[in-house]
Amino acid sequence: MSHDSPPETASDPGRSSSRRRFVKAVGVAGAVGLAGCQDGAGPGAGTGTGDGTGGDGGGGGGGPVEMAMPSNVTDRAEDTRQALYDAGLSEDVEVSFLSTSEISGDVEAQYRSWLNAGRETPDVFRMDSGWTIPFIVRDQLVNLSERLSQEALSMLDEHYFEAPLESARAPAQAVGGGGADTDTGTGGGGPRGELYGVPWQVGFPTIQYRSDLVTDAGFDPEGESWATEPMTWQRFSEVVSETHGNADVEYGFNWQGTDYVGLSCCTFNEFMSTWGGAYFGGRDTLFGPVGERPVTVNEEPVHQALRMVRTLIHGSDDEQALDGYQQISPNAVLEWTEGPSLSPFTNGNAVALRYWPSGIFEAATAFEESGDLSPDDLGTMPIPYAVSEDESEYEGIGGTASALGGWHLTVNPNSQNIDAAVQVIEATMQQSFREFQFSELGYLTGDRRLFDPENVGDVEPWGPHLETLRVAGENAIPRPVTVVWPDQSSQIASRVNAVIAQQQAPEDAMSALAGSLEEIEQSV
Amino acid sequence: MATSDEHGRGRVRSAAVAPANWTERLSEQGFAYVLLVPTLLLVSTMALWPLVSTFEMSLRADALFSAAYVGEFVGFENYVELLTGERNAILGSPFLDFGQPFQSALTVTLIYVAIAVTLETAIGFGQALVLDQSFRGRRWVRVAILIPWAVPIAIQGLIFWLFFQPGIGVGTDVMQSLGVFSANPLINTTDTLIIVIVADVWKTSAFMALLILAGLQSVDRSLYEVARVAGASKVQQFRYITFPLVLPALLVALLFRTIQSMRVYGIIETTGGCSTLPSLTCLVVSTFRSGRYATSAAVAFITAGIVALVALVYIVKFADLEVGT
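In this text, all values refer to a predicted model and were calculated from it rather than measured experimentally. (Residues numbered from 1 in each chain as written. Chains lettered and ligands numbered in written order. Predicted model: local features only at pLDDT ≥ 70, side-chain atom pairs only at ≥ 80, totals over all residues. Heavy atoms only, no water.)

Q: Quick question: what am I supposed to make of the overall build of chain B here?
A: Within chain B, the regular secondary structure consists of 14 helices and 2 strands. Looking at chain B as a whole, 42% of its 325 residues qualify as buried. Of the contacts made within chain B by residues no fewer than 6 positions apart, 63% connect residues no fewer than 24 positions apart. The averaged location of the 21 negative side-chain charges in chain B is 11 Å from the averaged location of its 20 positive side-chain charges. (Helix = DSSP H or I, 4+ residues; strand = E, 2+ residues; numbered from the N terminus. Buried < 20%, exposed > 50% of the residue type's maximum accessible area, 1.4 Å probe, protein only. Contact = heavy atoms within 4.5 Å. Lys, Arg positive; Asp, Glu negative; His and termini not counted. Charge placed at Lys NZ, Arg CZ, Asp CG, Glu CD.)

What follows is the structure, encoded as structure tokens:
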């Protein structure tokens, strides 16, 4: 009887033989498998770390430093590395790059996972200014106030925009820093105001408009200094309305109003701030203390901002409409994020667009390629305002306001090479590296000096728009980032979107929102 | 005389043969269990341990201010607060609120499952009946029916998102002219629910058709001959032959599809978004993204419990059928 034949009964001798052979075979296969694993870990092992930490590293102040960066930097790793050395970084420091996702939320989740696990690399993180503070609060970053040279700290104070720096400092809620290690300086969450990140890249939205169309409609952008002198929302609505009526384009003023994080952090934050309103009082309480700061969304400036937005979309027929404001935005803004709002403008089919600086590059490029338009037909102006800072109840609120976007460089407290990591960050702050970032990588950095055309020359397509971007940077308003901001952000976006879609009245919605925000504040 | 090497080999041989001999004394059932042990160990490691670990996380507080994933032990507090609505502000959308059925995650999920699975079953059954017939070009019809099933969720979502995106797709204008949709369907809960159901039915009816077709093709054709000879109409043939014989396959298909639908997330996120149409999985993802891992684990566990409960209904029904046969 063949050993391979199927057993018929429990007493079948053939089956007994099969069982024994099967068990033995499995045992042998297992042993071979294990041996195979061991062999696999032998000669071939260790040839690649897979994390790009690069080489053996060196001693002293050098050694390997791994930076988490997006693909447009990792694709130009050699150039970026050379620019760092050109900026004075010791060649003993071996810089390598780890490519991260392009999606901010994914990057945050990845960093949180790494840091919670105590991973030693990457040594330098590129962190969104919209979620750096929670990492500071959780003691997961190196205190750079204790690490950077006095010269570097002075440079930041003297030459950098304040808003990005604010979003990289320890907030009021971070006092204590239970895990701080004063010997190594690796503890986070130190005293309020300590710096944990250095701006790497900044983004401030502006109004981008068709200068050819407004000129044809009889306006004089240059004569009225639109590039640097913010106009009121009322005047802006009149300009766009008149220009739209005079031009053969489908859309007037495009922006992003759907129910998403961009509405709460940025677009509505700007509308509200330019009306003198705020989510949690003035700038002093933007970042906490959670549970102790006032919730101020159910106040008149916020209601007025909502009424104005409704008027811009629905016109004077809206029961909440404000007098003197024109209907200039399509109903579609209620469903638009960045992409859908941008394309009509770059296609030459809209008068104006509220967008991040990348829109300037996109529009200038598209205009040039179109043949009908040129980059000179692109104008920029700061975000309009409704009340001045003097008229606002809250300090630092009112007048033009641009939401803060951008990224910081921070240092991993578990890094085995913190000194070298800090050296790398200091190198990125040097003028030559900032110029490399600006002209080669296409990044706007937090250094105000690079917003002066006299310092950087006529870099296309930014040159004509740098002054506007500087005004936007000086008036940037960060989102109120705390550990509970993600919860609050979604509540704000839903309520605001419902109001501007005429589904709820401003007072009712803001009253309900105030209750929810307060509840979230008290939940920690 | 045996050398020490031979003694050593003998001991090794005895040690290797011992377990093999031990298996000889096992009953058929016992041997089957022995063979299952590696699989059980694997499943325990891959599925049971994460399940237990998630449950343990759900009994702890959220830890927003520390590097730890979760905080101190709080027992069933997360579950109680979720079910009583005390966490609604954190969740963004209520977990369960009968006063707002289209804003509440549980009711939205159940409505979606009921309508989508019913439509998919009906359409899938129809498609299976067509595919079960012999006709020229059947191969191409099968391909046409199966194509949507092969489309990835991200692409499926993008298709419907673009279709209803103002300034890009014509879907909104068409539906609005019929008086069905609002001006902005992708920020309207009811409109988005309809879009998501239609998108899901478009894609997944083929899955139901395939499983039902397998059942149909196992039906003994001679039964229909007998029925025809006995004078049974088409409806009677379907009622007394096709349906009862396909029912076991149909129940399996329904079980799979219902479990899948209860976890709906991708198609929502890629069309109207979770804030417009919150499902149970949306709540798991949003709390997880907020760093509220304990709350997220509790929502996940409740979701798993509800899915298990729904699955149990099918399993009991299936067992009844088997007993009946």
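Read on, since the account is not over.
Q: Help me understand the overall build of chain A in this model?
A: Across its full length, chain A carries 19 helices and 11 strands. At a minimum sequence separation of 6, the contacts of chain A that also span at least 24 residues come to 74%. Carbon and sulfur atoms provide 45% of the accessible area of chain A, an area that totals close to 20000 Å². (Areas by Shrake-Rupley, 256 points an atom, 1.4 Å probe, with all protein chains shown as cover.)

Q: Explain the interface of chain B and chain A to me, please; I cannot follow it from the model alone.
A: Where the parts come together, the accessible area they lose is often given as the size of the interface. If you look at the interface, chain B gives 38 residues, while chain A gives 38 residues. Summed over both partners, the interface of chain B with chain A comes to about 3100 Å²; 49% of that surface belongs to carbon and sulfur atoms. Linking chain B to chain A there are 1 salt bridge. The closest approach of N and O atoms between B:Arg292 and A:Asp487, which form a salt bridge, is 2.5 Å. If you list the elements that add at least two residues to the side of chain B that touches chain A, you get α1 (4-24), α2 (28-58) and α4 (88-91) of chain B. In terms of residue count, the dominant contributor to the side of chain B that touches chain A is α1(B) (5 residues). Broken down by class, the residue content of the side of chain B that touches chain A amounts to 21 nonpolar, 13 polar and 4 charged. (Buried area = accessible area lost by both parts, 1.4 Å probe. Salt bridge = Lys/Arg side-chain N within 4 Å of Asp/Glu carboxyl O. Nonpolar A, V, L, I, M, F, W, Y, C, P; charged D, E, K, R; others polar.)

Q: Would you mind showing me how to read the packing of helix α5 (residues 105-131) of chain B against helix α11 (residues 234-262) of chain B here?
A: Think of two packed helices as two axes; the pair is described by the angle between the axes and how far apart they sit. Residue and element names in this part refer to chain B. Viewed as axis vectors pointing N to C, α5 and α11 meet at an angle of 140°, and their least axial separation amounts to 10 Å. Taken together, the axes of α5 and α11 lie oblique to each other. For α5 against α11, the interelement crossing comes out right-handed. Residues Thr 109, Leu 110, Tyr 112, Val 113, Val 117, Glu 120, Thr 121, Phe 125 and Leu 129 of α5 pack against Phe 238, Phe 243, Val 246, Leu 250, Leu 254, Arg 257, Thr 258, Ser 261 and Met 262 of α11. A class-by-class count of the residues in the contact of α5 with α11 yields 12 nonpolar, 4 polar and 2 charged. (Axes fitted to C-alpha atoms, helices over the stretch in contact; angles between N-to-C directions. Parallel < 35°, antiparallel > 145°, perpendicular 65-115°, else oblique. Left-handed = near helix turned anticlockwise from the far one by under 90°.)

Q: What is the right way to look at the pairing of strand β4 (residues 198-203) of chain A in this model?
A: The two faces of a sheet get side chains in turn, since along a regular strand they alternate between them. Residues and elements named next belong to chain A. Among the 6 residues in β4, 6 count as buried, and that is most of the element. Pairing of β4 with strand β10 (residues 405-411) involves 5 bridges; the strand directions are antiparallel. When the sheet's bridge partners are listed, Val 202 is paired in β10 with Gly 406. (Pairing = 2+ DSSP bridges.)

Q: How should I be thinking about the packing of aromatic side chains in this particular structure?
A: For any pair of aromatic rings, the description rests on two quantities: the centre-to-centre distance and the angle between the ring planes. Residue and element names in this part refer to chain A. What the rule picks out here adds up to 36 aromatic pairs over all chains. Between Trp 233 and Phe 253, the aromatic rings sit 6.3 Å apart at their centres with planes inclined by 45°, giving tilted as the arrangement. Pair noted here: Trp 233 is in helix α9 (residues 233-246) and Phe 253 is in strand β6 (residues 251-254), with a separation of 20 residues, a long-range link. Above the plane of the ring of Trp 407 lies Arg 126, whose end atom (NZ or CZ) is 3.7 Å from the centre. One cation-aromatic arrangement involves Arg 138 over Phe 135; the distance from NZ or CZ to the ring centre is 4.8 Å. (Phe/Tyr/Trp six-rings, centres within 6.5 Å; stacked < 30°, edge-to-face > 60°. Lys NZ or Arg CZ within 6 Å of the ring centre and 35° of its normal.)

Q: Sorry if this is basic, but what is going on with the pattern of salt bridges here?
A: If the charged atoms of two oppositely charged side chains come close together, the side chains can form a pair. Residues and elements named next belong to chain A. By the definition in use, this model includes 24 salt bridges over all chains. Where Arg 354 meets Glu 270, a salt bridge forms, and the shortest distance between an N and an O atom there is 2.9 Å. One end of the pair, Arg 354, is in strand β7 (residues 350-355); the other, Glu 270, is in helix α10 (residues 261-274), and 84 residues separate them in sequence. Like Arg 354, the residue Glu 270 is buried in the burial classification. A salt bridge links Glu 467 to Arg 470, with the shortest nitrogen-to-oxygen separation between them at 3.3 Å. Of this pair, Glu 467 and Arg 470 both sit in helix α17 (residues 466-474), 3 residues apart, which is roughly one turn of that helix.

Q: Sorry if this is basic, but what is going on with the environment of A:Gly197 here?
A: Residue and element names in this part refer to chain A. In this fold, Gly 197 is placed in the loop between α7 (162-166) and β4. The sequence separation of Gly 197 and His 408 amounts to 211 residues, and the corresponding C-alpha distance is 5.4 Å. In contact with Gly 197, other than residues within four places in its own chain, are Leu 144, Ala 168, His 408, Leu 409 and Thr 410.

Q: What is the right way to look at a nonpolar patch on the surface in this model?
A: Nonpolar side chains collect at one region of the surface, where B:Phe163, B:Val170, B:Val174, B:Leu178, B:Val180, B:Ile194 and B:Val198 lie side by side and expose about 590 Å² of accessible area between them. As for its placement among the helices and strands, B:Phe163 is situated in helix α7 (residues 153-163). (Patch = residues over 30% accessible without salt bridge, like charges linked within 9 Å, V, L, I, M, F, W, Y side chains within 5 Å.)

Q: I tried to follow empty space enclosed by the protein on my own but got confused; where do I start?
A: Vacant regions in the atomic arrangement are exposed by a probe of water-molecule size rolled over the atoms. All names here are of chain A. Overall, the coordinates contain 1 cavity of 30 Å³ or more when judged by the stated rule. Taken together, Asn 269, Met 272, Ser 273, Gly 277, Ala 278, Tyr 279, Gly 281, Leu 286, Ile 397, Ile 477 and Pro 480 make up the full set of residues lining the largest cavity. With 3 residues, α10 is the largest single contributor of residues to the lining of the largest cavity. (1 Å grid on protein atoms, 1.4 Å probe; cavity = no way out; pocket = protein on both sides within 12 Å on 5 of 7 lines; lining within 4 Å. Points joined across faces, edges and corners; volume = space filled by probe spheres on them.)

Q: Would you mind showing me how to read unusual backbone geometry here?
A: Glycine aside, residues mostly have negative phi angles, and peptide bonds mostly take the trans form. All names here are of chain A. Backbone torsion omega between Thr 121 and Pro 122 reads 0°, so that peptide bond is classified as cis. For the peptide bond that leads from Gly 288 to Pro 289, omega is 5°, which places it in the cis range. Even without being glycine, Ser 225 reaches a positive phi, approximately 55°. As for its placement among the helices and strands, Ser 225 is situated in the loop between α8 (211-216) and α9. Phi angles above zero are rare outside glycine, and Gln 502 is one such case at about 65°. Within the secondary structure layout, Gln 502 lies in the loop between α18 (485-500) and α19 (506-521).

Q: Honestly, α2(B) in this entry has me stumped. Any pointers?
A: Along an α-helix, residues three or four positions apart point the same way, because every turn accommodates 3.6 residues. Of all bends in α2(B), the biggest is about 40°, found at B:Ser44. When α2(B) is considered as a whole, its buried residues turn out to be B:Gly30, B:Phe31 and B:Ser58. (Bend = angle between axes of the 7 residues up to and from the residue.)

Q: When you look at the sheet that holds strand β8 (residues 378-381) of chain A in this model, what are you seeing that I'm missing?
A: Hydrogen bonds between backbone groups are what pair the strands of a sheet, and the pairing can be parallel or antiparallel. Residues and elements named next belong to chain A. In spatial order, the strands read β6-β7-β5-β8; together these 4 strands make up an open sheet with mixed pairing. With one partner strand each, in any of the chains shown, β6 and β8 form the two edges of the open sheet. Across this sheet, the average inter-strand angle for adjacent strands is 20°, counted without regard to direction. Alignment of β6 against β7, held across 3 bridges, turns out to be parallel. Among the inter-strand pairings, Phe 253 is bridged to a residue of β7, identified as Ala 352. Against the sheet, helix α13 (residues 358-370) engages β5 (206-210), β7 and β8, with an angle of about 165° to β8.

Function cannot be inferred from these measures alone, as they are strictly geometric.
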